[in-house]
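Tertiary structure, described
So you can see what is in the structure, the chains are spelled out below.
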Protein chains: 2
Amino acid sequence: MYKFVMPEVIFGSGSIRQAGESCARLGAKRILIVTDEGVMNAGWAELVEQSCRASGLSSILFSGVSVNPKEDEAEACARAYIENECDALIGVGGGSVIDIAKSAALLATNGGHVRDYEGVDRITYPLPPLVMLPTTAGSGSEVSQFSVIVDVNRKKKMTIVSKSLVPDIALVDPDVLSTKSPHLTASTGLDVLAHAIESFVSVAATPLTDVHAKNALTLSARYLRPSVASRYNKEAKEQMAMASLHAGLAFSNAILGAVHAMSHTIGGRYPLLHGDINAVLLPHVMEFNLIAAPQKFKEIAFLMGEDVRALSDTEAGEKAIQFVRKLASDIGAPLTLSEMGFKEESIPIVSETSLSDACMITNPRDITAEEVAALLRQAL
Amino acid sequence: MYKFVMPEVIFGSGSIRQAGESCARLGAKRILIVTDEGVMNAGWAELVEQSCRASGLSSILFSGVSVNPKEDEAEACARAYIENECDALIGVGGGSVIDIAKSAALLATNGGHVRDYEGVDRITYPLPPLVMLPTTAGSGSEVSQFSVIVDVNRKKKMTIVSKSLVPDIALVDPDVLSTKSPHLTASTGLDVLAHAIESFVSVAATPLTDVHAKNALTLSARYLRPSVASRYNKEAKEQMAMASLHAGLAFSNAILGAVHAMSHTIGGRYPLLHGDINAVLLPHVMEFNLIAAPQKFKEIAFLMGEDVRALSDTEAGEKAIQFVRKLASDIGAPLTLSEMGFKEESIPIVSETSLSDACMITNPRDITAEEVAALLRQAL
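Residues numbered from 1 in each chain as written. Chains lettered and ligands numbered in written order. Predicted model: local features only at pLDDT ≥ 70, side-chain atom pairs only at ≥ 80, totals over all residues. Heavy atoms only, no water.

Condition: UniProt positions are given in the numbering used here, feature names are shortened, and annotations may be inferred rather than shown by experiment.
Named according to an unreviewed UniProt entry, chain A is Alcohol dehydrogenase originating from Bacillus thermotolerans. As its UniProt record puts it under Sequence similarities (unreviewed entry), chain A is described as follows: "Belongs to the iron-containing alcohol dehydrogenase family."

See below:
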């Protein structure tokens, strides 16, 4: 027996203009628009403001969200929501923005600190209406029951998991992907691939999550390269937006694995892009996990377009790992942790901390701190 | 740009025991359990009552639902809800039961008559919490934004379409399918196939609905025969429950076509099983629709397991139609309208009335009353 949850989704070119009406449908009058500098400069936050005005709603802008966002940002955002007497939130941005909007909504009605809610199902009161518009493809946070926030004191990312964090409406507009840099497109796209692969081999995978994981895999294997190659390739943007959506639905309900557990820990200590860290770790973790689910790794290779007919499950799984390495290299993703500034002396503490991340529980192969350390050394 | 909505789904053996807790999670205290005689005799309604008690909820039973249920049944059900001061509804049954539970919920908070809400998006106020447990695989109504109710005066089925009719939680428990007769299994299973095919070729189909339609097609093509063959084949029951769920998600968001438009009309005049009527009409409507979407019909044949590599789109589409005829014949479904008691003299009025059914709008080929009449004559 298993559960599957997802928000209402509005998908397609121009759905950003549904932002105001979406809030109005949820009964809201005064909206906190959560965003960051990059998204403001690209003009997307202004479009959302206009859409709110057009639907007769007032709005306040909160743009104080950084990469790998911290607890105090969620608290500041919650204060902005309360002090301005808002009654709904729109997050317009990447995973950081959406995760802050969710955690601020959580604090606004439940009080306390983000760390009080770390783990699974610790939220008591309903959240205010949440509309999310992702500007990367992507974090999948616009459909997921996760919010990931850095605890500065413990130097780690906390994962909060609850059905209450599933937004009410996700507006997925591929047009907003056109302002992303090639580096950000590559980094967030490899995060999509990591979501698809980790949720597909997760011990919590179900036939319903597999449907979405498989679609995400097929689409990102086919469209990530052309999406990085040209910001004007509309088909590639649309298909990567769809891949991100499917991957988000898969991991929201099947959870993830060791790549994300380790990446959350590293992201809590180093100011690195989540997708870049994942890109480096993914092939190493796939090698480690291969013996846990060889048939599923064969299916991954098949979905990536590899000819696996004459191969054993393990041989086909190796093909999938090669595919990931080649893809990352083709789109200019970092290939080692050290080139990003990760220091060898962090390995012991990162290994130890990673074990307690919520995503580690669903990794298909049991793992010790020593094994995590060995993977980090391979990836150095 | 398109929308996709679905309820929370709990899938798997034993999920019937989640009925009480599901209502409790939605804040309910006093539940109206909507069901029918057949489901009561099979013992499923009692299991739901027990589950409510175990969660500390009181419950009232309403079992006055017939096949092709009528407006006065929805009104009686709404009265039972109001008079007993209930605060949530559980529907335990086939499409008739679930549609009555939905329409009763609609009347309970919006007042008036079911006919006031016929058509698309005519509901003003939110409905009470709705938990649905389908005992057939099936109507898909447990996840859909539809309720279909007979207007006795106009002798037609009214289709009410609104996001408000999407239940809060769908409990899909394949174990409850074990008490269905082979005839009901065949009839409701062919309805699943009709949902999958009609939503896949619908003019409102989207990449998100296609994912579900394709899964429904593949599963029902493979598992309907063994599911009819044995009530103890657990795998077949589980896969047909999954097929029904996917088909429901597809048609809820992509709507249907001429098969359902005609079947609704016939079902408003003749006390016949919806799935039996669909089974007879489906191949004829596929023949008619083939020129509208030959590529999609080729894909249907491929998903059914046919070798279509050397065939043109149209040739492959013909294979899909043959597949449906063979499947219906293999599982003992009726093959003509006249063997079910449908009279030729009904053809003019049924043709005329079918044109105004909400499902006709999304049929992939434009259709006139004369063409509907010709299809009915073919199917006689």
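**So, the sheet that holds strand β8 (residues 146–151) of chain A**
Heads up, the rule is: The criterion for strand pairing is that DSSP finds at least two bridges linking the strands in question. Secondary structure elements are defined from DSSP: runs of H or I of at least 4 residues count as helices, runs of E of at least 2 residues count as strands, and each element is numbered from the N terminus.
Reading across from one edge, β6-β9-β8 (chain A) is the order of the three strands in this open sheet, with mixed pairing throughout. One side of each edge strand has no neighbouring strand; the edge strands of this open sheet are β6 (119–120) and β8 of chain A.

**With respect to the pairing of strand β7 (residues 130–134) of chain A**
On a regular strand, one side chain projects to one face of the sheet and the next to the other, so that they alternate. Residue and element names in this part refer to chain A. Where we set the bar: Only protein chains enter the accessibility calculation, which uses a 1.4 Å probe; a residue is then buried when its area is under 20% of its type maximum, exposed when over 50%, and partly exposed in between.
When you tally the buried positions in β7, you get five out of five residues, the bulk of the element. What you see with β7 is no split at all: Leu130, Met132 and Pro134 on one side and Val131 and Leu133 on the other are buried throughout. With five bridges connecting them, strand β5 (residues 88–93) and β7 associate as parallel partners. When the bridges of β7 are listed, glycine 91 appears paired with methionine 132. Bridge count between β7 and strand β10 (residues 169–172): two bridges; the pairing is parallel. Each residue of the ladder has a partner; that of methionine 132, found in β10, is alanine 170.

**Section: the sheet that holds strand β2 (residues 8–11) of chain B**
Whether parallel or antiparallel, the strands of a sheet pair through hydrogen bonds between backbone atoms. Our working definition: For every element, the axis is a line fit to its C-alpha atoms; helices are fit only across the contacting stretch, and the angle between N-to-C directions ranges from 0 to 180 degrees.
Strand order in the open sheet made by the seven strands is β1(A)-β2(B)-β10(B)-β7(B)-β5(B)-β3(B)-β4(B), with mixed pairing throughout. With partners counted over all chains shown, the strands left at the sheet margins are β1 (2–4) of chain A together with β4 (58–62) of chain B, one partner each. Each adjacent strand pair in this sheet contributes to an overall mean axis angle of 20 degrees, direction not counted.

**As for the UniProt feature "domain: Fe-containing alcohol dehydrogenase-like C-terminal" (unreviewed entry) in chain A**
In the numbering used here, UniProt assigns the feature "domain: Fe-containing alcohol dehydrogenase-like C-terminal" (unreviewed entry) to residues 185–379 of chain A. Between the first and last C-alpha atoms of residues 185–379 of chain A the distance is 22 Å; the span itself is 69% helix and 0% strand.

**Here we look at the interface of chain A and chain B**
The test is simple: Contacts are assigned to residue pairs with any non-hydrogen atoms lying within 4.5 Å of each other. The term buried area refers to how much accessible surface (probe radius 1.4 Å) is lost by two components on association, counted for both of them together. For this document, the term salt bridge refers to a Lys or Arg side-chain nitrogen within 4 Å of an Asp or Glu carboxyl oxygen. Under this definition, polar contacts are N or O atom pairs within 3.5 Å; protein pairs additionally need one hydrogen-donor-capable and one acceptor-capable atom, and for neighbouring residues in sequence, both atoms have to be side-chain atoms. Ten residue types, Ala, Val, Leu, Ile, Met, Phe, Trp, Tyr, Cys and Pro, are classed as nonpolar, four, Asp, Glu, Lys and Arg, as charged, and the remainder, Gly among them, as polar.
Taken together, the contact pairs 26 residues of chain A with 26 residues of chain B. Together, the buried faces of chain A and chain B total about 2100 Å²; carbon and sulfur atoms form 65% of this surface. Between chain A and chain B we count two salt bridges in total. The salt bridge partner of B:Glu8 is A:Lys163, with a shortest N-O separation of 2.6 Å. Summed over the shared surface of chain A and chain B, the result is six residue pairs in polar contact (both at pLDDT 80 or more). When contributions to the side of chain A that touches chain B are tallied by element, the ones reaching two or more residues are β1, β2 (8–11), α7 (207–229) and α8 (234–254) of chain A. For the side of chain A that touches chain B, the leading source of residues is α7(A), giving five residues. Residues of the side of chain A that touches chain B, tallied by class, amount to 14 nonpolar, eight polar and four charged. Pairing of β2(A) with strand β1 (residues 2–4) of chain B, which is carried by three bridges, proceeds in the antiparallel orientation. Bridge pairing in β1(B) places A:Phe11 opposite B:Tyr2.

**Focus: helix α14 (residues 369–379) of chain B**
Residue and element names in this part refer to chain B. In plain terms, the rule: To obtain the arc, one takes the directions from the helix axis to the C-beta atoms.
Of the residues making up α14, those classed as buried are Ala369, Val372, Ala373, Leu375, Leu376 and Ala379. For α14, the angular spread of buried residues about the axis comes to 160 degrees, placing them on one side. Packed against the buried residues of α14 are α9 (258–267), α10 (274–289) and α13 (347–354).

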